[in-house]
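Per-entry structural report
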Amino acid sequence: RPLKDNILFPVSPRDRRFAQFDRCDNLATVDLVGAEGIHRTISSLLLESWRYDINVEIGLINRVLPNIDGHGKTNAIRMWIRSVLRWMDHFKAQ
């Protein structure tokens, strides 16, 4: 699986929370690394509506991230990754 939140977000030992992107006020977009694998997985989904839905979900972070203050960016990215993974798991199980 190319998207994994347990690797990207270890708990900060200082304040015992996820804070990798907090205080990054100018962070406005997320680029996917390994996008070829993600797009290959998406293209294997059976229904066009599923492919559309997952692509919308993947693009969502870059629409909302500029409007989130610096202290909420890490949480927004974590929630987005989990949402994308849930959608992928749901569609692959169908």
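Residues numbered from 1 in each chain as written. Predicted model: local features only at pLDDT ≥ 70, side-chain atom pairs only at ≥ 80, totals over all residues. Heavy atoms only, no water.

1. Notes on the packing of aromatic side chains
Threshold: Paired rings are identified among Phe, Tyr and Trp, the last through its six-membered ring, by centres lying within 6.5 Å, and are further divided according to the angle between planes into stacked (under 30 degrees), edge-to-face (over 60) and tilted (the rest). Helix and strand assignments follow DSSP, with helices taken as H or I runs no shorter than four residues and strands as E runs no shorter than two, numbered in order from the N terminus. Exposure classes here rest on a 1.4 Å probe applied to the protein chains alone. A residue is buried below 20% of its type maximum, exposed above 50%, and partly exposed in between.
According to the stated counting rule, one finds two aromatic pairs in the structure shown. Ring geometry for Trp50 against Phe91: centres 5.1 Å apart, planes inclined by 15°, an arrangement best described as stacked. Residue Trp50 is located in helix 3 (residues 48–64), and its partner Phe91 is located in helix 4 (residues 73–93); the two are separated by 41 residues in the primary sequence. Here the two residues Trp50 and Phe91 agree in accessibility, since each one is buried. Centroid distance Trp87 to Phe91: 5.2 Å. Interplanar angle 40°. Geometry classified as tilted. Taken together, the residues span about one helical turn, with Trp87 and Phe91 both in helix 4 at a distance of four residues.

2. Regarding helix 4
The condition that has to hold: In this analysis, the expected span of each helix is defined as 1.5 Å times one less than the number of residues it contains.
Here helix 4 is 21 residues long and its end C-alpha atoms lie 30 Å apart, about the 30 Å a rise of 1.5 Å per residue gives. For helix 4, every residue scored as buried is listed here: Lys73, Thr74, Ala76, Ile77, Arg78, Trp80, Ile81, Ser83, Val84, Leu85, Met88 and Phe91.

3. Observations concerning the nonpolar core
For clarity, the threshold we go by: By convention a nonpolar core is built from buried Ala, Val, Leu, Ile, Met, Phe, Trp, Tyr and Cys residues, the set being connected through side-chain atoms within 4.5 Å. Residue contacts are defined here by distance: any two heavy atoms, one from each residue, within 4.5 Å place the two residues in contact.
Counting 15 residues, the largest nonpolar core has Ile42, Ile54, Ile58, Trp80 and Val84 as the members making the most contacts within it. Of all the secondary-structure elements, those providing two or more residues to this core are helix 2 (35–43), helix 3 and helix 4. The greatest single-element share of this core, amounting to seven residues, is contributed by helix 4. Among residues more than four places away in sequence, those in contact with Trp80 are Val30, Leu32, Glu57, Ile58 and Ile61.

4. Re unusual backbone geometry
In most cases, non-glycine residues show a negative phi, while peptide bonds are predominantly trans. For Arg23, which is not glycine, the phi torsion reads 70° and is therefore positive. Mapped onto the elements, Arg23 comes out in the loop between helix 1 (5–8) and helix 2. Since its relative accessible area comes to 55%, Arg23 is described here as exposed.

5. Observations regarding the packing of helix 3 against helix 4
The cut-off we apply is this: Orientation is described by axes fitted as lines to C-alpha atoms, over the contacting stretch for helices, and by angles from 0 to 180 degrees between their N-to-C directions. Roughly parallel means an angle under 35 degrees; roughly antiparallel means over 145; roughly perpendicular covers 65 to 115; every other angle is labelled oblique. Each residue gets one of three labels, nonpolar for Ala, Val, Leu, Ile, Met, Phe, Trp, Tyr, Cys and Pro, charged for Asp, Glu, Lys and Arg, and polar for the others, Gly among them.
At a closest axis distance of 9 Å, the pairing of helix 3 and helix 4 adopts a crossing angle of 170°. As judged from the angle between their axes, helix 3 and helix 4 are roughly antiparallel. Between helix 3 and helix 4, the contacting residues are Trp50, Asp53, Ile54, Glu57, Ile58 and Ile61 on the first element and Ala76, Ile77, Trp80, Ser83, Val84, Trp87, Met88 and Phe91 on the second. Of the residues assigned to the contact of helix 3 with helix 4, the class counts are eleven nonpolar, one polar and two charged.

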